[in-house]
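A closer look at the structure
Here's the letter readout for the chains.
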Amino acid sequence: MNFEGTYVAMVTPFTKDGTFDEEGFRSNINYLIDQGVNGLVGAGTTGESATMTHDEHQEVIEVLVDEVNGRVDTVAGTGSNSTSEALSLTKFAYDVGVDSALLITPYYNKPQQHALVKHYGAIAEGCDIPIIVYNVPSRTGCNIEVETAVELAKIDGIDAIKEASGSVDKISDIYRALTLEGLEDEFNILSGEDSLTLPIMSVGGTGVISASANIDARRMVLMVDSILNDDYTRAFELHYEMLELIRALFVESNPVPVKTAMNLMGLPSGPLREPLCEMKDENLEILKKALKNSNLI
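Keep in mind that what you see is a predicted model, and the values were worked out from it rather than measured.

**Concerning helix H3 (residues 83–95)**
- The end-to-end C-alpha distance of H3, which contains 13 residues, comes to 18 Å, matching closely the 18 Å that a straight helix rising 1.5 Å per residue would cover.
- When H3 is considered as a whole, its buried residues turn out to be Ala86, Leu87, Leu89, Thr90, Phe92 and Ala93.
- Of the surrounding secondary structure, the elements contacted by the buried residues of H3 are helix H2 (54–68), strand E3 (73–77), strand E4 (100–104) and helix H4 (113–126).
- Once H3 finishes, Gly97 follows within two positions and takes phi at roughly 100 degrees, a positive value.

**Details of the packing of helix H1 (residues 22–34) against H2**
- Across the interface, H1 lies against H2 with an axial gap of 10 Å and an inter-helix angle of 45 degrees. Between H1 and H2, the interaxial angle falls into the category oblique. Crossing hand, H1 versus H2: right-handed. Within the contact between the two elements, H1 uses Glu22, Phe25, Arg26, Ile29, Asn30 and Ile33 and H2 uses Glu59, Val60, Val63, Leu64, Asp66, Glu67 and Val68.

**Some points on the packing of helix H10 (residues 232–248) against helix H12 (residues 281–293)**
- Contact geometry for H10 and H12: axes closest at 9 Å, N-to-C directions at 155 degrees. In this view, H10 runs roughly antiparallel relative to H12, as classed from their interaxial angle. As H10 packs across H12, the resulting crossing turns out to be left-handed. Between H10, through Glu244, Leu245 and Ala248, and H12, the contact on the second element is made entirely by Ile286, Leu287, Lys289, Ala290, Leu291 and Asn293.

**Points about the pattern of salt bridges**
- Under the criterion given, the structure shown has 15 salt bridges.
- Linking Arg26 and Asp66 is a salt bridge whose minimum nitrogen-to-oxygen distance equals 2.8 Å. One end of the pair, Arg26, is in helix H1; the other, Asp66, is in helix H2, and 40 residues separate them in sequence.
- Each of Asp216, Arg219, Arg234, Glu237 and Glu241 takes part in a single network of salt bridges with overlapping partners.

Here is what the cut-offs are and how they apply
Positions within a chain are numbered from 1, following the residues in the order the chain's sequence is written. Where totals are concerned, whole chains, interfaces and linings use all residues; where local detail is concerned, this predicted model gives features only for residues with pLDDT of at least 70, and gives and counts side-chain atom pairs only at 80 or more. Hydrogens and water are ignored here; the side-chain numbers use all heavy atoms of the structure. Here a helix means four or more residues in a row that DSSP labels H or I, a strand means two or more in a row labelled E, and each is numbered from the N terminus. The span one expects for a helix is its residue count, reduced by one, times 1.5 Å. Accessible area is worked out with a 1.4 Å probe on protein chains only. A residue is then buried under 20% of its type maximum, exposed over 50%, and partly exposed in between. Residues are treated as being in contact if the distance between any of their heavy atoms lies within 4.5 Å. Throughout, an axis means a line fitted to C-alpha atoms (over the contacting stretch in the case of helices), and angles, computed between N-to-C directions, take values from 0 to 180 degrees. In what follows, roughly perpendicular refers to angles from 65 to 115 degrees, roughly parallel to angles under 35, roughly antiparallel to angles over 145, and oblique to any angle outside these ranges. Note on convention: near helix rotated counterclockwise from far helix by under a right angle means a left-handed crossing. Clockwise means right-handed. Note on definitions: salt bridges are taken to be side-chain nitrogens of Lys or Arg within 4 Å of carboxyl oxygens of Asp or Glu.

Take a look at the structure:
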């Protein structure tokens, strides 16, 4: 499967009593599709999957597939620090009709590089669904090295990596290594760092899985499409237009500012799941200022 364009790492809206807000989630899906996104990710880490029950996790995926109804790509977050649990969630996502699965590297365990290949290989072998590997070492304690990314690209069914290591040099090294193996057209690199999407795509990336697109999907779509169409003049303009807002949306742990911004904008979001909690007052003011400067509130 080819992954290109803007994919949104959706938040999971909750009601005041902390339960899954299905109506609000469906509303957000339609809002984002109207903004022109290429795909939607449900039950990912921005969706607070770490604090959802298995039943809630599965419900979010089912609602995503049902509401999207083929209009854009659907991606289910199905990663876990247990290979068997990740495979079970991935099989469930496949059974309900998701287009692809996003699997974060196993967290806390810190598997060796060859163990990562075995982990993802077992899931690819056990479930016939396109897989996006998700590398975010600042949150998992586990980093996919360049050589490992290439080994993963050789496995049938593993079609992309969401890279959030923070290093554009690393993206360059992965892309160069893929070209040496003739894999650059078969394995996509997606930005997992919203503020680095422009430079990542300039050295071989094909799109973004974006948390900030929950807030400003229209401009993210315009920027990514501009890059794909080699209009870097317009892409530069949009990058700098969004930069203040993107930085404000990560001034505290994701998805705290994103959900806070959505509540300020009147979009379904609701409360955070503990142990996450409300923003500090000084950071809330930074967020409000960025939203006002972006004409979003």
